[in-house]
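Listed here are the chains, written in short residue letters.
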Amino acid sequence: MRRKWVIGNWKMNGSTRDVLDWALRAGQLAASEACTVGVAPAAIHVTMALGAADKSLLVGAQDCAAVTNGARTGEISAEMLVEAGCHFVLVGHSERRQYWHETDALVARKFKRAQEAGVTPVLCIGETRDERERGVTEDVLRRQVAAVIELCGIEAFAAAAIAYEPVWAIGTGLTATPEQAQAVHAFIRGELFKDAAMLAGSLRILYGGSVKGNNAAELFAQADIDGGLIGGASLVPDEFATICRAAAR
Ligand code: PGA
């Protein structure tokens, strides 16, 4: 049985005061609920969140550089994240792919760098609305995962997680139905990882995209959905608590 993970992706949100409050509340959930709870604050808030929260809360970053320490103004390296105490790092979030034009190859290099430095990558993948309408969802996901497999080998996923986030569902209020999401998760586990059956069985695949307190339970009840990556709803502590409770059932 894969223990469920619920990760709040706070994106570029929160004042110092908000972060202290959210981290404290998330830490209480991590300590009391039968699921693993994590949060990804903006990088500048990571240390503060770690200091404020119960030690059972996983704290991660939203991105990392694809290279080691050196002349890359504005970047944050994976080793810096490790030193700060990060447990995981999101790589390839669709907002990074869209606004920073991150390619599959670059995302794969970030994934590799994170693992080499000792922080768990959470690989975000997902199709756009146009890609879904054109019927190429599976091709897109295959390509996004293949870039990492080519660079790191399939066994690298033994120490990683995947977040399936259909781009059309992120921040839009449109959620994939539980059946739609389950079909894609089953494809990822059964098809993209068919050459590594043992690993596929333990691979954690989170769903993300407009998960809320009122749809989380149905999504998390699906056989291949191992929790969620939560954006907007993670900024509302009571809502986030409802989602964590749905995962702990
Ligand atoms: P959302 O964001 O829950 O606001 O749709 C999810 C994400 O981008 O990780």
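Here we summarise the structure given alongside this text. (Residues numbered from 1 in each chain as written. Predicted model: local features only at pLDDT ≥ 70, side-chain atom pairs only at ≥ 80, totals over all residues. Heavy atoms only, no water.)

With that settled, consider the site of the ligand. The environment of the ligand is made up of 13 residues, and the closest members are Lys-11, His-93, Glu-165, Gly-171 and Ser-210. Between the ligand and the protein, one listed contact pairs an oxygen atom with a side-chain N or O atom of Asn-9 at 3.5 Å. Between the ligand and the protein, one listed contact pairs an oxygen atom with a backbone N or O atom of Ser-210 at 2.7 Å. When the ligand sits alone it has 280 Å² of accessible area, and the protein chains cover 97% of it. (Near = heavy atom within 4 Å. Polar contact = N/O pair within 3.5 Å; in protein donor to acceptor, adjacent residues only side chain to side chain. Areas by Shrake-Rupley, 256 points an atom, 1.4 Å probe, with all protein chains shown as cover.)

This next bit is on the layout of surface pockets. Here the largest pocket is characterised by a volume of approximately 660 Å³. As for the largest pocket, its lining consists of 28 residues, of which Met-12, Gln-62, Asp-63, Arg-96 and Trp-100 are closest to the centre. Mapped onto the lining of the largest pocket, the elements with two or more residues apiece are helix H4 (94-99) and helix H5 (104-117). In terms of residues, the lining of the largest pocket owes the most to one element, H4, which gives three residues. Tallied by class, residues from the lining of the largest pocket come to 16 nonpolar, four polar and eight charged. What the second largest pocket holds in volume is close to 170 Å³. In terms of lining residues, the second largest pocket is bounded by 15 residues, among which Ser-94, Arg-97, Gly-126, Thr-128 and Val-167 are the most central. Within the residue set of the lining of the second largest pocket, elements represented by two or more residues are H4, strand S5 (120-125) and helix H7 (137-152). Classifying every residue of the lining of the second largest pocket by side-chain character gives four nonpolar, seven polar and four charged. (1 Å grid on protein atoms, 1.4 Å probe; cavity = no way out; pocket = protein on both sides within 12 Å on 5 of 7 lines; lining within 4 Å. Points joined across faces, edges and corners; volume = space filled by probe spheres on them. Helix = DSSP H or I, 4+ residues; strand = E, 2+ residues; numbered from the N terminus. Nonpolar A, V, L, I, M, F, W, Y, C, P; charged D, E, K, R; others polar.)

A complete count under the given rule lists one cavity of 30 Å³ or more for this structure. Approximately 50 Å³ is the volume attributed to the largest cavity. If you trace the largest cavity, you find it lined by Trp-10, Trp-22, Arg-25, Ala-26, Leu-29, Val-39, Ser-234, Pro-237 and Phe-240. Secondary-structure elements contributing two or more residues to the lining of the largest cavity are helix H1 (16-32) and helix H11 (237-247). Tallying contributions element by element places H1 first for the lining of the largest cavity, with four residues. Class assignment for the residues of the lining of the largest cavity results in seven nonpolar, one polar and one charged.

The backbone of Lys-11 shows a phi angle near 50°, a positive value even though the residue is not glycine. Note on placement: Lys-11 falls in the loop between strand S1 (5-9) and H1.

With that settled, the discussion passes to H1. Taking 1.5 Å of rise per residue, 17 residues should cover 24 Å, and H1 covers 25 Å from first to last C-alpha, within 8% of that figure. When we look at burial in H1, the residues that qualify are Val-19, Trp-22, Ala-23, Ala-26, Gly-27, Leu-29 and Ala-30. One side of H1 holds all its buried residues, which, seen down the axis, span an arc of 160°. In H1, the exposed positions that point more than 90 degrees away from the buried face belong to Arg-17, Ala-31 and Ser-32. Residues of H1 that are buried in the fold lie against strand S2 (36-40), helix H2 (46-52) and H11. (Expected span 1.5 Å × (residues − 1). Buried < 20%, exposed > 50% of the residue type's maximum accessible area, 1.4 Å probe, protein only. Arc of directions from axis to C-beta. Contact = heavy atoms within 4.5 Å.)

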